[in-house]
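Structural characterization, general
Below, each chain spelled out in residue letters.
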Amino acid sequence: GHRLAGRLNVPWVADFALPWSDAYWLTDRPRVIQWLDQRVEGFIVRSAERITVAYPELARRASARYGQASESKIAVIPTGFDEDLLAQERSTPATKFTVVYPGNHFCEIGRAGEYFLKAIDEWLDLEPSLEDKIECIFIGKRDDELLLQRAGMRHSQVIRMEGMVSHRACIQTVLSSSLCIVNTVGNRIPAKVYECMAAGKWILALTNPATDLAAIVRHYSKGMVVSARNISAIRQALQDIWRRCHSGTVEAMGTDASLDRYSARY
(Lines give C-alpha, C1' and ligand atoms only; values in the text may rest on other atoms or scores of the structure.)
Protein backbone atom coordinates (compact mmCIF):
# COMPACT_ATOMS: atom_id res chain seq x y z
CA GLY A 1 0.00 0.00 0.00
CA HIS A 2 2.76 2.43 0.94
CA ARG A 3 4.72 1.72 -2.26
CA LEU A 4 1.70 1.92 -4.54
CA ALA A 5 0.57 5.21 -3.01
CA GLY A 6 4.03 6.65 -3.58
CA ARG A 7 4.32 5.44 -7.19
CA LEU A 8 0.82 6.54 -8.17
CA ASN A 9 0.92 9.72 -6.09
CA VAL A 10 -2.42 8.93 -4.43
CA PRO A 11 -3.42 8.99 -0.75
CA TRP A 12 -3.03 5.80 1.27
CA VAL A 13 -5.80 4.86 3.70
CA ALA A 14 -5.14 1.84 5.94
CA ASP A 15 -8.12 0.08 7.53
CA PHE A 16 -7.95 -1.69 10.89
CA ALA A 17 -11.09 -3.81 11.25
CA LEU A 18 -9.61 -5.81 14.16
CA PRO A 19 -6.79 -5.50 16.72
CA TRP A 20 -3.37 -6.42 15.39
CA SER A 21 -0.21 -6.16 17.45
CA ASP A 22 -2.13 -6.47 20.74
CA ALA A 23 -4.82 -8.92 19.58
CA TYR A 24 -5.79 -11.04 22.57
CA TRP A 25 -6.16 -14.19 20.45
CA LEU A 26 -2.50 -13.92 19.36
CA THR A 27 -0.96 -13.93 22.83
CA ASP A 28 0.69 -17.32 22.20
CA ARG A 29 2.54 -16.27 19.02
CA PRO A 30 6.37 -16.47 19.01
CA ARG A 31 8.11 -13.34 20.29
CA VAL A 32 9.75 -12.67 16.93
CA ILE A 33 6.31 -12.58 15.29
CA GLN A 34 4.99 -10.26 17.99
CA TRP A 35 7.97 -7.95 17.43
CA LEU A 36 7.39 -8.02 13.68
CA ASP A 37 3.67 -7.27 14.12
CA GLN A 38 4.49 -4.26 16.29
CA ARG A 39 7.06 -2.92 13.81
CA VAL A 40 4.81 -3.28 10.76
CA GLU A 41 1.76 -1.89 12.55
CA GLY A 42 3.76 1.13 13.74
CA PHE A 43 5.09 1.76 10.24
CA ILE A 44 1.56 1.68 8.80
CA VAL A 45 0.09 4.00 11.42
CA ARG A 46 2.89 6.54 10.95
CA SER A 47 3.07 6.43 7.15
CA ALA A 48 -0.58 6.10 6.05
CA GLU A 49 -2.28 9.43 5.42
CA ARG A 50 -5.49 8.27 7.07
CA ILE A 51 -6.36 5.33 9.35
CA THR A 52 -9.88 3.92 9.60
CA VAL A 53 -10.87 1.64 12.48
CA ALA A 54 -14.05 -0.35 13.13
CA TYR A 55 -14.72 0.77 16.72
CA PRO A 56 -13.48 3.43 19.19
CA GLU A 57 -11.24 1.17 21.31
CA LEU A 58 -8.96 0.57 18.30
CA ALA A 59 -8.57 4.31 17.88
CA ARG A 60 -7.83 4.85 21.57
CA ARG A 61 -5.17 2.13 21.63
CA ALA A 62 -3.47 3.33 18.46
CA SER A 63 -3.37 6.90 19.75
CA ALA A 64 -1.92 5.74 23.07
CA ARG A 65 0.80 3.70 21.35
CA TYR A 66 1.77 6.05 18.54
CA GLY A 67 1.11 9.48 19.97
CA GLN A 68 -1.03 12.52 19.31
CA ALA A 69 0.20 12.83 15.72
CA SER A 70 -1.62 9.61 14.84
CA GLU A 71 -4.81 10.60 16.67
CA SER A 72 -5.67 13.37 14.22
CA LYS A 73 -5.70 11.02 11.22
CA ILE A 74 -7.73 8.17 12.74
CA ALA A 75 -11.43 7.91 11.89
CA VAL A 76 -13.92 5.44 13.40
CA ILE A 77 -16.14 3.88 10.71
CA PRO A 78 -18.45 1.26 12.27
CA THR A 79 -19.09 -2.03 10.52
CA GLY A 80 -22.73 -0.98 10.39
CA PHE A 81 -25.46 -2.66 8.35
CA ASP A 82 -26.56 -2.90 4.73
CA GLU A 83 -30.11 -1.60 4.67
CA ASP A 84 -30.65 -2.90 1.12
CA LEU A 85 -29.80 -6.47 2.19
CA LEU A 86 -32.12 -6.28 5.19
CA ALA A 87 -34.92 -4.91 3.01
CA GLN A 88 -34.52 -7.73 0.47
CA GLU A 89 -34.77 -10.57 2.98
CA ARG A 90 -38.12 -11.95 4.03
CA SER A 91 -38.62 -13.36 7.48
CA THR A 92 -40.75 -16.31 8.48
CA PRO A 93 -42.14 -15.68 11.97
CA ALA A 94 -40.84 -18.25 14.42
CA THR A 95 -43.37 -20.48 16.16
CA LYS A 96 -41.40 -20.19 19.40
CA PHE A 97 -39.83 -17.38 21.39
CA THR A 98 -36.53 -17.45 19.51
CA VAL A 99 -33.32 -16.16 21.04
CA VAL A 100 -30.45 -15.81 18.55
CA TYR A 101 -26.76 -15.44 19.30
CA PRO A 102 -25.09 -14.54 15.96
CA GLY A 103 -21.36 -14.70 16.58
CA ASN A 104 -18.30 -16.80 17.30
CA HIS A 105 -16.77 -18.28 20.45
CA PHE A 106 -19.53 -17.52 22.95
CA CYS A 107 -17.68 -19.39 25.71
CA GLU A 108 -14.14 -18.20 25.04
CA ILE A 109 -12.16 -16.59 27.86
CA GLY A 110 -13.47 -13.11 28.56
CA ARG A 111 -17.01 -13.57 27.26
CA ALA A 112 -18.38 -15.57 30.24
CA GLY A 113 -20.99 -17.22 28.04
CA GLU A 114 -21.56 -20.09 30.46
CA TYR A 115 -23.52 -17.75 32.75
CA PHE A 116 -26.13 -17.18 30.04
CA LEU A 117 -26.67 -20.95 29.78
CA LYS A 118 -27.05 -21.14 33.58
CA ALA A 119 -29.61 -18.33 33.41
CA ILE A 120 -31.62 -20.31 30.84
CA ASP A 121 -31.62 -23.32 33.19
CA GLU A 122 -32.74 -21.19 36.13
CA TRP A 123 -35.49 -19.53 34.08
CA LEU A 124 -36.91 -22.87 32.92
CA ASP A 125 -36.62 -24.34 36.42
CA LEU A 126 -38.91 -21.53 37.60
CA GLU A 127 -41.23 -21.73 34.57
CA PRO A 128 -41.06 -25.30 33.19
CA SER A 129 -44.15 -24.69 31.03
CA LEU A 130 -41.97 -22.53 28.74
CA GLU A 131 -39.62 -25.37 27.85
CA ASP A 132 -41.52 -26.16 24.63
CA LYS A 133 -42.07 -22.50 23.80
CA ILE A 134 -38.54 -21.10 23.61
CA GLU A 135 -35.48 -21.87 21.51
CA CYS A 136 -31.94 -20.50 21.64
CA ILE A 137 -30.00 -20.61 18.37
CA PHE A 138 -26.22 -20.20 18.29
CA ILE A 139 -24.82 -19.28 14.86
CA GLY A 140 -21.08 -19.30 14.22
CA LYS A 141 -17.85 -21.23 14.32
CA ARG A 142 -17.92 -24.51 16.25
CA ASP A 143 -17.26 -23.85 19.92
CA ASP A 144 -16.24 -27.00 21.78
CA GLU A 145 -16.55 -25.29 25.15
CA LEU A 146 -20.11 -24.25 24.32
CA LEU A 147 -20.96 -27.84 23.37
CA LEU A 148 -19.49 -29.04 26.66
CA GLN A 149 -21.45 -26.44 28.64
CA ARG A 150 -24.68 -27.36 26.83
CA ALA A 151 -24.17 -31.03 27.63
CA GLY A 152 -24.20 -30.18 31.32
CA MET A 153 -27.44 -28.17 31.18
CA ARG A 154 -30.71 -29.37 32.68
CA HIS A 155 -32.65 -27.95 29.73
CA SER A 156 -30.17 -28.54 26.91
CA GLN A 157 -32.94 -29.34 24.41
CA VAL A 158 -33.76 -25.64 24.04
CA ILE A 159 -30.24 -24.91 22.71
CA ARG A 160 -29.72 -25.34 18.97
CA MET A 161 -26.31 -25.11 17.30
CA GLU A 162 -26.31 -23.93 13.67
CA GLY A 163 -22.58 -23.67 13.04
CA MET A 164 -21.31 -21.51 10.19
CA VAL A 165 -23.98 -20.27 7.78
CA SER A 166 -24.02 -17.69 5.00
CA HIS A 167 -24.45 -14.04 5.86
CA ARG A 168 -27.83 -14.04 4.13
CA ALA A 169 -29.00 -17.08 6.15
CA CYS A 170 -27.86 -15.40 9.36
CA ILE A 171 -29.83 -12.25 8.50
CA GLN A 172 -32.93 -14.36 7.82
CA THR A 173 -32.60 -16.01 11.24
CA VAL A 174 -32.19 -12.64 12.95
CA LEU A 175 -35.26 -11.26 11.17
CA SER A 176 -37.30 -14.26 12.33
CA SER A 177 -36.11 -14.02 15.94
CA SER A 178 -37.65 -12.47 19.03
CA LEU A 179 -34.41 -11.49 20.76
CA CYS A 180 -30.72 -11.18 19.84
CA ILE A 181 -27.92 -11.77 22.34
CA VAL A 182 -24.61 -9.95 21.87
CA ASN A 183 -21.50 -9.93 24.01
CA THR A 184 -17.85 -9.12 23.63
CA VAL A 185 -14.32 -9.38 24.98
CA GLY A 186 -12.94 -6.22 26.53
CA ASN A 187 -14.19 -3.12 24.71
CA ARG A 188 -14.74 -4.54 21.24
CA ILE A 189 -17.98 -4.00 19.30
CA PRO A 190 -19.49 -7.20 17.82
CA ALA A 191 -20.42 -6.47 14.21
CA LYS A 192 -23.80 -8.21 14.40
CA VAL A 193 -25.18 -5.71 16.92
CA TYR A 194 -25.76 -3.23 14.09
CA GLU A 195 -27.80 -5.69 12.01
CA CYS A 196 -29.82 -6.77 15.04
CA MET A 197 -30.71 -3.13 15.71
CA ALA A 198 -31.54 -2.48 12.06
CA ALA A 199 -33.84 -5.52 12.14
CA GLY A 200 -35.75 -3.90 15.01
CA LYS A 201 -35.20 -6.82 17.38
CA TRP A 202 -34.90 -6.82 21.14
CA ILE A 203 -31.22 -6.89 22.07
CA LEU A 204 -29.71 -8.15 25.32
CA ALA A 205 -26.08 -7.10 25.62
CA LEU A 206 -24.07 -9.22 28.06
CA THR A 207 -21.25 -6.86 28.87
CA ASN A 208 -19.74 -4.56 31.45
CA PRO A 209 -21.98 -1.46 31.83
CA ALA A 210 -18.99 0.81 31.11
CA THR A 211 -18.19 -0.62 27.65
CA ASP A 212 -18.78 1.02 24.28
CA LEU A 213 -21.14 -1.84 23.42
CA ALA A 214 -23.27 -0.99 26.47
CA ALA A 215 -23.43 2.66 25.37
CA ILE A 216 -24.65 1.70 21.90
CA VAL A 217 -27.33 -0.68 23.17
CA ARG A 218 -28.58 1.78 25.80
CA HIS A 219 -29.30 4.32 23.06
CA TYR A 220 -31.33 1.72 21.17
CA SER A 221 -35.03 1.75 22.04
CA LYS A 222 -35.30 -2.04 22.47
CA GLY A 223 -31.96 -2.70 24.14
CA MET A 224 -31.02 -4.02 27.58
CA VAL A 225 -27.56 -4.25 29.15
CA VAL A 226 -26.68 -6.83 31.82
CA SER A 227 -23.35 -8.00 33.19
CA ALA A 228 -22.35 -11.26 31.49
CA ARG A 229 -21.76 -12.90 34.89
CA ASN A 230 -24.99 -11.84 36.59
CA ILE A 231 -27.15 -14.95 36.25
CA SER A 232 -30.21 -13.59 38.07
CA ALA A 233 -30.17 -10.33 36.05
CA ILE A 234 -29.88 -12.26 32.77
CA ARG A 235 -32.77 -14.50 33.80
CA GLN A 236 -34.88 -11.49 34.74
CA ALA A 237 -34.11 -9.74 31.45
CA LEU A 238 -35.10 -12.83 29.46
CA GLN A 239 -38.32 -13.08 31.43
CA ASP A 240 -39.11 -9.38 30.96
CA ILE A 241 -38.58 -9.51 27.20
CA TRP A 242 -40.62 -12.72 26.97
CA ARG A 243 -43.54 -11.02 28.73
CA ARG A 244 -43.32 -7.93 26.53
CA CYS A 245 -43.31 -10.06 23.38
CA HIS A 246 -46.32 -12.05 24.60
CA SER A 247 -48.33 -9.29 26.25
CA GLY A 248 -50.82 -9.20 23.38
CA THR A 249 -49.78 -5.72 22.27
CA VAL A 250 -47.66 -4.91 19.26
CA GLU A 251 -44.68 -2.72 20.10
CA ALA A 252 -44.05 -0.32 17.26
CA MET A 253 -40.51 0.97 17.41
CA GLY A 254 -40.92 3.40 14.53
CA THR A 255 -37.92 4.98 12.87
CA ASP A 256 -34.94 5.09 15.20
CA ALA A 257 -32.88 8.06 14.03
CA SER A 258 -29.93 6.91 16.16
CA LEU A 259 -29.36 4.05 13.70
CA ASP A 260 -28.73 6.35 10.72
CA ARG A 261 -25.06 6.73 11.61
CA TYR A 262 -24.57 2.94 11.25
CA SER A 263 -26.13 2.57 7.80
CA ALA A 264 -23.93 1.53 4.87
CA ARG A 265 -25.14 4.53 2.87
CA TYR A 266 -24.01 6.92 5.59
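The following refers to the structure shown. Since we're looking at a predicted model, the values are computed, not measured. What you see as residue numbers is a count from 1 along each chain, following the sequence as written. Note on the predicted model: pLDDT of at least 70 is required for a residue's local features to be given, and 80 or more for side-chain atom pairs to be given and counted; whole-chain, interface and lining totals, by contrast, use all residues. The side-chain values count all of the structure's non-hydrogen atoms but skip hydrogen atoms and water molecules.

1. Describing the nonpolar core
Defined as follows: Here the nonpolar core consists of buried residues drawn from Ala, Val, Leu, Ile, Met, Phe, Trp, Tyr and Cys, with membership extended through side-chain atoms lying within 4.5 Å. Here's how the labels work: a residue is buried when its accessible area is under 20% of the maximum for its type, exposed when over 50%, partly exposed in between, all with a 1.4 Å probe on protein chains only. Contacts are assigned to residue pairs with any non-hydrogen atoms lying within 4.5 Å of each other.
If you look at the biggest cluster of nonpolar residues, it comprises 42 residues, and the most contacted ones within it are Val-193, Tyr-194, Met-197 and Ile-203. If we ignore the near neighbours within four places in the chain, the residues touching Val-193 are Val-182, Ile-203, Leu-213 and Val-217. Core analysis: the second largest hydrophobic core is formed by 35 residues, Trp-123, Phe-138, Val-158 and Trp-242 among them.

2. Some points on the environment of Ser-232
Which entries qualify depends on this criterion: Elements are defined by DSSP. Helices are runs of H or I of four residues or more, strands are runs of E of two residues or more, and each kind is numbered from the N terminus.
Within the fold, Ser-232 resides in helix H11 (residues 231–245). C-alpha separation for the pair Ser-232 and Ile-120, spaced 112 residues apart in sequence, amounts to 10.0 Å.

3. Some points on the layout of surface pockets
We count it as follows: Any residue with an atom within 4 Å of a point lines the site, the site being either a cavity, points on a 1 Å grid over the protein atoms alone where a 1.4 Å probe fits but cannot get out, or a pocket, an open set with protein on both sides within 12 Å along at least 5 of 7 lines. Grid points are joined across faces, edges and corners, and a volume is the space filled by probe spheres set on the points. Under this grouping Gly is polar, as are all residues other than the nonpolar Ala, Val, Leu, Ile, Met, Phe, Trp, Tyr, Cys and Pro and the charged Asp, Glu, Lys and Arg.
Quantified by volume, the largest pocket comes out at close to 730 Å³. Forming the walls of the largest pocket are 31 residues, and the residues nearest its centre are Gly-103, Asn-104, Arg-188, Pro-190 and Ala-191. Elements represented by at least two residues in the lining of the largest pocket include exactly strand S4 (97–102), helix H8 (167–176) and strand S7 (179–183). Counting residues per element, the lining of the largest pocket draws most heavily on S7, which supplies 3 residues. For the lining of the largest pocket, the class distribution of residues is 17 nonpolar, 10 polar and 4 charged.

4. Focus: the pattern of salt bridges
Going by this rule: Between Lys or Arg on one side and Asp or Glu on the other, a salt bridge is scored when a side-chain nitrogen of the former is within 4 Å of a carboxyl oxygen of the latter.
Taken as a whole and assessed by the stated rule, the structure comprises 16 salt bridges. Ionic pairing is found between Glu-41 and Arg-65, a salt bridge with its closest N-O pair at 3.4 Å. Here Glu-41, found in helix H2 (residues 31–47), pairs with Arg-65, found in helix H3 (residues 56–66); they are 24 residues apart in sequence, far enough to count as distant. Where Glu-195 meets Lys-192, a salt bridge forms, and the shortest distance between an N and an O atom there is 3.7 Å.

5. Focus: the sheet that holds strand S6 (residues 159–163)
Which entries qualify depends on this criterion: For two strands to count as paired, DSSP must find a minimum of two bridges between them. Axis definition: a line fitted to C-alpha atoms, limited for helices to the stretch in contact. Angles are taken between N-to-C directions and run from 0 to 180 degrees.
One open sheet holds the 6 strands; their spatial order is S6-S5-S4-S7-S8-S9, and the pairing between them is parallel. A strand with exactly one partner marks an edge of an open sheet, and here the two such strands are S6 and strand S9 (223–226). When strand polarity is set aside, the average angle formed by the axes of neighbouring strands in this sheet is 20 degrees. In this sheet, S6 lies alongside strand S5 (residues 134–139) in parallel orientation, the contact comprising 4 bridges. Bridge pairing links Cys-136 to Ile-159 in S6.

6. Let's talk about empty space enclosed by the protein
Vacant regions in the atomic arrangement are exposed by a probe of water-molecule size rolled over the atoms. The final tally for this structure, using the stated rule, is 1 cavity of 30 Å³ or more. Every residue along the wall of the largest cavity is listed here: Phe-16, Pro-19, Trp-20, Asp-22, Glu-41, Val-45, Ile-51, Val-53, Leu-58, Ala-62 and Arg-65. At the level of secondary structure, the elements contributing two or more residues to the lining of the largest cavity comprise H2, strand S2 (50–53) and H3. When grouped by side-chain class, the residues that make up the lining of the largest cavity number 8 nonpolar, no polar and 3 charged.

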